[in-house]
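Breakdown of the fold
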Amino acid sequence: MEISFEGKRALVTGAGQGIGRETVKKLASCGAKVVALSRTPEHLQSLTVEVPSLETICVDLADWDATRKAIQCVGPIDCLVNNAAVALLESFMEITPANIDRSFNVNVKSVINVSQVVAKSMIDRKLGGAIVNVSSQASQAALADHTVYCGTKGALDMVSKVMALELGPYQIRVNCVNPTVVMTAMGKIGWSKPGKAEPMLKKIPLGRFAEVHEVVDAILFLLSDKAAMINGATLPIDGGFLAC
Ligand code: NDP
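The following refers to the structure shown. Quick caveat, the model's predicted, so the values are computed rather than measured. (Residues numbered from 1 in each chain as written. Predicted model: local features only at pLDDT ≥ 70, side-chain atom pairs only at ≥ 80, totals over all residues. Heavy atoms only, no water.)

**Focus on the nonpolar core**
Ranked by internal contacts, the top residues of the largest apolar core, which has 33 residues, are Phe-5, Val-24, Leu-27, Val-177, Val-215, Ile-219 and Leu-223. Breaking this core down by element, the ones donating at least two residues are strand S1 (9-13), helix H1 (18-29), strand S2 (33-38), helix H2 (41-50), strand S4 (79-82), strand S5 (129-134) and helix H8 (212-223). Those residues in contact with Ile-219, other than ones at most four positions away along the chain, are Ile-19, Thr-23, Val-81, Val-132, Val-134 and Val-177. Within the second largest apolar cluster, 24 residues are counted, among which are Leu-11, Val-74, Val-108 and Met-122. (Core = buried A, V, L, I, M, F, W, Y, C linked by side-chain atoms within 4.5 Å. Buried < 20%, exposed > 50% of the residue type's maximum accessible area, 1.4 Å probe, protein only. Helix = DSSP H or I, 4+ residues; strand = E, 2+ residues; numbered from the N terminus. Contact = heavy atoms within 4.5 Å.)

**Considerations on the environment of Val-59**
Mapped onto the secondary structure, Val-59 falls in the loop between strand S3 (55-58) and helix H3 (64-72). The exposure class assigned to Val-59 is buried, which follows from its relative accessible area of 10%. The sequence separation of Val-59 and Cys-176 amounts to 117 residues, and the corresponding C-alpha distance is 23 Å. Excluding residues that lie within four positions of it along the chain, Val-59 makes contacts with Leu-37, Ser-38, Arg-39, Ala-66, Thr-67 and Ala-70.

**Some remarks on the sheet that holds strand S6 (residues 172-179)**
Strand order in the open sheet formed by seven strands is S3-S2-S1-S4-S5-S6-S7, and the pairing between neighbours is parallel. Of all the strands in the sheet, the pair left with one neighbour each is S3 and strand S7 (234-237). Each strand axis lies, on average, 15° off the axis of its neighbour in the sheet, ignoring direction. Examined bridge by bridge, S2 and S3 share four bridges and lie parallel to one another. Residue pairing across strands places Leu-37 opposite Ile-57, the latter belonging to S3. (Pairing = 2+ DSSP bridges. Axes fitted to C-alpha atoms, helices over the stretch in contact; angles between N-to-C directions.)

**Topic: the pairing of S5**
Here is the key point about a regular strand: its side chains alternate between the two faces of the sheet. In terms of burial, S5 is largely enclosed, as six of its six residues are buried. Alternating positions in S5 separate into two faces, Gly-129, Ile-131 and Asn-133 on one and Ala-130, Val-132 and Val-134 on the other, with burial throughout. Inspection of the sheet shows S4 paired to S5 by four bridges, in the parallel sense. Within S5, the position partnered with Val-81 by the bridge is Val-132. The parallel pair S4 and S5, bridged by helix H4 (residues 97-125), forms a crossover whose chirality is right-handed. Sheet topology note: the S5/S6 ladder contains six bridges and is parallel. (Right-handed = clockwise from strand over helix to strand, strands pointing away.)

**Quick notes on the side chain of Thr-152**
Residue placement: Thr-152 occurs in helix H5 (residues 147-167). Take Thr-152: its relative accessible area is 0%, and that puts it in the buried class. For Thr-152, the side chain forms a polar contact with the side chain of Asn-107, separated by 3.1 Å. Setting aside residues up to four positions removed in sequence, Thr-152 forms contacts with Ser-103, Phe-104, Asn-107 and Val-108. (Polar contact = N/O pair within 3.5 Å; in protein donor to acceptor, adjacent residues only side chain to side chain.)

**Some words on the site of the ligand**
In the vicinity of the ligand, 32 residues are found, and the nearest of them are Thr-40, His-43, Asn-83, Tyr-149 and Thr-184. Between an oxygen atom of the ligand and a side-chain N or O atom of Thr-40, the distance comes to 2.6 Å. The side chain of Tyr-149 places a nitrogen or oxygen atom 2.5 Å from an oxygen atom of the ligand. With the chains in place, 96% of the 890 Å² that the ligand exposes on its own is no longer accessible. Where the shell around the ligand is concerned, the elements lending two or more residues are H1, H4, H5 and helix H6 (185-191). Among the elements that line the shell around the ligand, the one with the most residues is H6, at three residues. Here the residues of the shell around the ligand sort into 15 nonpolar, 13 polar and four charged. (Near = heavy atom within 4 Å. Areas by Shrake-Rupley, 256 points an atom, 1.4 Å probe, with all protein chains shown as cover. Nonpolar A, V, L, I, M, F, W, Y, C, P; charged D, E, K, R; others polar.)

Purely geometric stuff here, so don't read any function into it on its own.
Structure below.
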């Protein structure tokens with residue numbers, strides 16, 4: 001299936017590493033002009049070497065005002081990928097207010113913040129658009145030490161559905177992808193310790209974790225015209241984990 005983003009502009013958050021970085025590269029290779037937003041300047045600099053046409057925004061998404069200011073002048077965006085997140089893992093009894101605030105600020109509030117600015121411009125241009133929010137299997141399944149992370153991703157699924165409801169009449173589609181473990185920097189935090197990966201792998205019918213490109217392909221599909229009637233979906237990329 002040929003997917004082209006010729007003539008489109010895309011904004012990807014959390015573009016410095018992992019799934020966001022590969023999404024930027026794939027979108028650019030499919031013809032999109034991409035704006036990459038992330039937190040660490042060095043990651044954006046090295047990405048610009050790989051994708052010379054890239055525009056970059058360096059901001060901490062946990063800061064609502066700084067983020068709004070940074071993306072206010074981003075220009076017309078046709079495709080938005082809200083990918084950035086943090087996974088601050090701790091057992092339920094150890095959860096701190098600081099980690100709750102940080103997690104919800106980055107994983108949920110920033111999605112609303114960035115999407116408000118981008119959707120306003122999409123509505124004004126009357127050309128519609130597509131938004132993909134990167135959620136997780138953790139939105140729908142309990143994972144030990146993931147209370148706050150699961151809470152943010154559960155919230156993100158529902159935020160996305162209401163966005164789909166309210167933005168749909170403007171021909172703006174909003175969907176989630178919900179991957180299982182991917183061995184990025186974040187994936188390694190939760191699953192690389194001895195004894196962690198095996199029990200999770202046993203619960204995945206396909207018997208393996210997801211590859212970055214498998215998540216990226218689903219994001220591009222949902223952004224594309226091939227998904228023109230898909231709105232408000234949460235798409236597991238989990239080898240069947242959530243089906244069991
Ligand atoms: P990584 O940790 O590899 O990358 C996360 C990216 O988000 C980094 O580029 C980082 O910026 C950026 N980021 C984090 N916090 C901020 C912030 N406050 N402001 C701006 N940018 C920020 O994660 P993944 O690629 O693995 O995860 C991407 C998405 O996929 C997340 O939403 C995650 O929840 C989801 N997911 C991941 C899974 C996994 O196992 N890896 C499983 C299921 C879902 P920088 O590099 O510039 O510091």
